[in-house]
Amino acid sequence: MTDILAQFTKERANLVPILQKVQEKDGYISPEAVKEIGGYLGITGNDIYSVASFYAQFRFERQGKHTIKVCQGTACHVRGGHQLLEAVERELCLPSGRSTTDDYQFTLERVACFGSCALAPVMVVDSNVFGKVSIAQAKKLISQYREK
Amino acid sequence: MKYDEIRRQAMAEWTALENSSKPRILIGTGTCGRASGALAVLETIEKELSKRKLEATVIQVGCIGLCYVEPLVDIIKPNRPRICYGSVTPEIMVKLIEDYIVNDNPHPELALGIVGEGIVEGIPNLFDLPMLKPQVRIALRNCGHIDPENISHYIARGGYSGLDRALKMSANEVIAEVKKSGLKGRGGAGFSTGIKWELCQKAPGKEKYLICNADEGDPGAFMNRLLLEGDPNSVLEGMVIGAHAIGATQGYIYCRAEKPLSIVRLRVALKQATELGLIGQNILDTGFNFPIEIREGAGAFVCGEETALMLSIEGKRGMPRPRPPFPAVSGLWGKPTNINNVETWGDISAIFQKDADWYAGFGTSVSKGTKTFALAGKVERTGLIEVPLGTSLRRIIFDIGGGIPNGKTFKAIQTGGPSGGCLPASLLDLPVDYENLTKAGSIMGSGGMIVADSGTCMVDLAKYFLTFTQAESCGKCVPCREGTMQMLQILTDITEGKGKLEDLDLLQDLAQGIKSGSLCALGGGAPNPALTTMKYFRDEYEAHIKEKRCPAGVCKALIQYYIDPEKCQGCLICMRNCPTNAIKGDKRMIHIIDPEKCIRCGVCAEVCPARFDAVAKSSGVQPETPKELIPVGSWKKA
């Protein structure tokens, strides 16, 4: 944490980049991290949460080992992206409203668009992009990552 | 260092590469290429070369825009033309190395085309292919041809000569040149770039900022991603030219975090350009200073709006504010700020590398130049294209895109993203420019084009966009926050068969209120998808409302999956894959779906072997199917 803060000057404009670095390291923004960032930049925790919660990128809970993102962009939508998302939810046994599996193996995110529209529907696991994903392929991918 | 010296060094490197006795292999490793397996092909290339102790130069290039045949590999043997191969797998790659690089069989049957000069029997010129022939590449001039992580390649192809030229002109001369080119902002609003610069240049203040808006967030758009991944320096060069014209002291690139490769490539380009003195302090020994910083977005669509974007850079919630004051007068930290889209900056560098008259020679009398479009959805050849403004929709969809796949028919094209509209077949001959699209009820937007076919429900598509804008509404102004919510609710009711005819009037009323009352373009454009679909596809809305029927077979509450008893071969595949055990069946017995248990997930349709194609959807009519299990072949219609 101290290492991250040391890379930045104590300017308000650095809040978002700091949050991004912290999330990159921890996977999410913990209450402890908020306290430390607040102390460093001289702003309140409320102020930090108001900014962090505005942006879809930031998470406030522990994340799964693998992150699965299913694209819900327009091209993916007309090519079955929503059905793919539902299939992944079923496969991970995630009730609606939950995004991380009980065993912390997977976190599922819906993303508005990856810009790989020509290969719709698209699914991203960790940083690997998969195009033209069928429901059967999605199931296979999940079981491959489950073993890793 | 002076430009001539920089250019001399880059040319020396480039010429050495061109005249090298080693073969060159170019592989497209943009995001689309990677999603299609380009990295596995790259691994194969490296393995094969070392296994066979072959010397070759492998260069990772950006994407040429032919996404439908990714991964792409180009092979250039000494004194041979450059041949481009599409849909390359590791197996094909091994074959090409063995047969073409080691021996001399270019495998014309695997080749897409020849790039540049030269003839090989059986291989056409790549740019004569139907997808590429109508295109004019200005913003995308280098994508797929150069290594985006090696600035010498860019410079050898004329890069930064535009900056050199601009720095020898006065600020007013630069602005006059931009005005003469007729360039309009490529982010969507289509405001004259030259006038925008002039406003900022004239605004009083010592400190001025210049921003590149790379927060490409429209679902269905990837023009900026492709340009940044394939040719980041063209954007940086444009920014420095703009900074000289406006007198900007600091530059920012605000790039969407969901496009990580763009950010990587930008960082490399920025570092190299700074080292050569093309960005930063004392640029090209002229005493002009202009550093650029990269800021990553954090996943808020509204931050593509300029006032919201600037607040986000300041480390605040990215919520738009009323204008005036315009950013040209009071922008980032209250200072005069000029903000343009990625593609605009890419066009600027091209205009200065040649000249304004050349650029203005493309396009129509009012919309000059070219525009990139992301062509996706239900179209045969998906990809990223660049055409002169004024090109008709028909030419884009049918000549370039190759029409609609799977024997279906064209229904609509959605342009301009969530603030745009859906245009029907009757408007296919519309020349695409800012003016015509606006007249038709849509917008140019940043250039996303999604094709819809007979299997796309227009009410569902309108609902899709409203779901998006509603979720992305920042909540600051009431018309957008509450209005989009109400519109979404009504559209949801219609797709669930609970709509009333009066709802259509209510949607119109709400739409007008949201359009005129919203603070920014996100709200102002949000009703467009619903308005245009109601205008051009009213019959589909009425079918949902009056007949409780979804003609395209999409809206879950109004459709039923069934197994065609004449086609089912009793193979058990759908039964085994059904997640809710809704399918009854036995070997060689016609399967039956229980509509009560079915959740309409579509898995059965996906897994049913294509040669049987037995899973069908019905809406509004009860399909005729057996009540009990009967043997395959014994079904007789009642």
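Residues numbered from 1 in each chain as written. Chains lettered and ligands numbered in written order. Predicted model: local features only at pLDDT ≥ 70, side-chain atom pairs only at ≥ 80, totals over all residues.

1. Side note on the overall build of chain B
Helix and strand counts for chain B come out as 24 helices and 20 strands. Principal-axis analysis of the C-alpha atoms gives chain B an extent of 85 × 70 × 40 Å. Split into buried and exposed, the 638 residues of chain B put 55% on the buried side. A fraction of 72% describes how many contacts in chain B between residues 6 or more apart in sequence connect residues 24 or more apart. (Helix = DSSP H or I, 4+ residues; strand = E, 2+ residues; numbered from the N terminus. Buried ≥ 20, exposed ≤ 12 C-beta atoms within 10 Å, placed from the backbone. Contact = placed C-beta atoms within 7 Å.)

2. Focus on the overall build of chain A
Counting its secondary structure elements, chain A contains seven helices and four strands. Counting only C-alpha atoms, chain A reaches 50 × 30 × 25 Å along its principal axes. Out of the 148 residues in chain A, the part that is buried amounts to 41%. Sequence separation of 24 or more characterises 60% of the internal contacts of chain A that already satisfy a separation of 6 or more.

3. Some remarks on the domain arrangement of chain A
In terms of domain boundaries, chain A breaks down into domain 1 (2-52) and domain 2 (66-147). For domain 1 of chain A and domain 2 of chain A, the distance between their C-alpha centroids amounts to 29 Å. (Domains from an automatic or database assignment.)

4. Details of the nonpolar core
For soluble globular proteins, the rule of thumb is that nonpolar side chains tend to be buried together. One finds Val 122 of chain A together with Val 73, Val 240 and Ala 374 of chain B to be the most contacted residues of the largest nonpolar core, which totals 240 residues. Those residues in contact with Val 73 of chain B that sit more than four places away from it in its chain are Ile 25, Leu 26, Ile 27, Val 41, Tyr 85, Val 88 and Met 93 of chain B. (Core = buried A, V, L, I, M, F, W, Y, C linked by C-beta atoms within 7 Å.)

5. A short note on the interface of chain B and chain A
Across the boundary between the two partners, chain B contributes 47 residues, which contact 40 residues of chain A. If you list the elements that add at least two residues to the side of chain B that touches chain A, you get helix H2 (31-35), helix H12 (306-313), strand S12 (370-377), strand S16 (448-453), helix H17 (458-472) and helix H24 (603-607) of chain B. Among the residues forming the side of chain B that touches chain A, the class breakdown is 22 nonpolar, 14 polar and eleven charged. (Nonpolar A, V, L, I, M, F, W, Y, C, P; charged D, E, K, R; others polar.)

6. Digging into the pairing of strand S14 (residues 410-415) of chain B
Residues in a regular strand project their side chains so that they alternate between the two faces of the sheet. All names here are of chain B. For S14, a buried count of six out of six residues is recorded, marking the element as mostly surrounded by other parts of the structure. Note: S14 against S16, five bridges, orientation antiparallel. When the bridges of S16 are listed, Gln 414 appears paired with Ile 450. Pairing geometry for S14 and strand S15 (residues 421-424), over four bridges, is antiparallel. The residue bridging Ala 412 from the neighbouring strand is Pro 424, located in S15. Taking the residues that link successive antiparallel strands as the turn, the S14-S15 hairpin has five residues, and the phi of Gly 416 there is positive, at about 85 degrees. (Pairing = 2+ DSSP bridges.)

7. A look at the sheet that holds strand S1 (residues 66-71) of chain A
Residues and elements named next belong to chain A. The four strands are arranged S2-S1-S3-S4 in an open sheet whose pairing can be described as mixed. With one partner strand each, in any of the chains shown, strand S2 (106-111) and strand S4 (128-130) form the two edges of the open sheet. The sheet shows a mean angle of 20 degrees between the axes of neighbouring strands, direction not considered. Where S1 and S2 come together, six bridges link them in parallel fashion. Paired with Thr 67 across the strands is Thr 107, a residue of S2. Each of S1, S2 and strand S3 (123-125) touches helix H6 (residues 81-91); the most contacted strand, S1, lies at about 150 degrees to it. (Axes fitted to C-alpha atoms, helices over the stretch in contact; angles between N-to-C directions.)

8. Let's talk about the packing of helix H19 (residues 502-517) of chain B against helix H21 (residues 528-536) of chain B
All names here are of chain B. Here H19 crosses H21 at 140 degrees, and the two axes come no closer than 10 Å. In terms of orientation, H19 and H21 fall into the oblique class. Handedness of the crossing formed by H19 with H21: left-handed. Seen from H19, the contacting residues are Leu 504, Leu 507 and Ala 511; seen from H21, they are Ala 530, Leu 531 and Met 534. When the residues that make up the contact of H19 with H21 are grouped by side-chain class, the tally is six nonpolar, no polar and no charged. (Parallel < 35°, antiparallel > 145°, perpendicular 65-115°, else oblique. Left-handed = near helix turned anticlockwise from the far one by under 90°.)

9. A word on the sheet that holds strand S4 (residues 82-85) of chain B
All names here are of chain B. Pairing in this open sheet of five strands is mixed, and the strands run S2-S1-S3-S4-S5 from one edge to the other. Sheet topology places strand S2 (57-61) and strand S5 (111-115) at the edges, where each strand pairs with a single neighbour. Across the sheet, the mean angle separating the axes of adjacent strands is 20 degrees when strand polarity is ignored. Note: strand S1 (residues 24-28) against strand S3 (residues 73-76), four bridges, orientation antiparallel. When the bridges of S3 are listed, Arg 24 appears paired with Ile 76. Contacting S1, S2 and S3, helix H3 (residues 38-51) crosses the sheet at an angle of about 160 degrees to S1.

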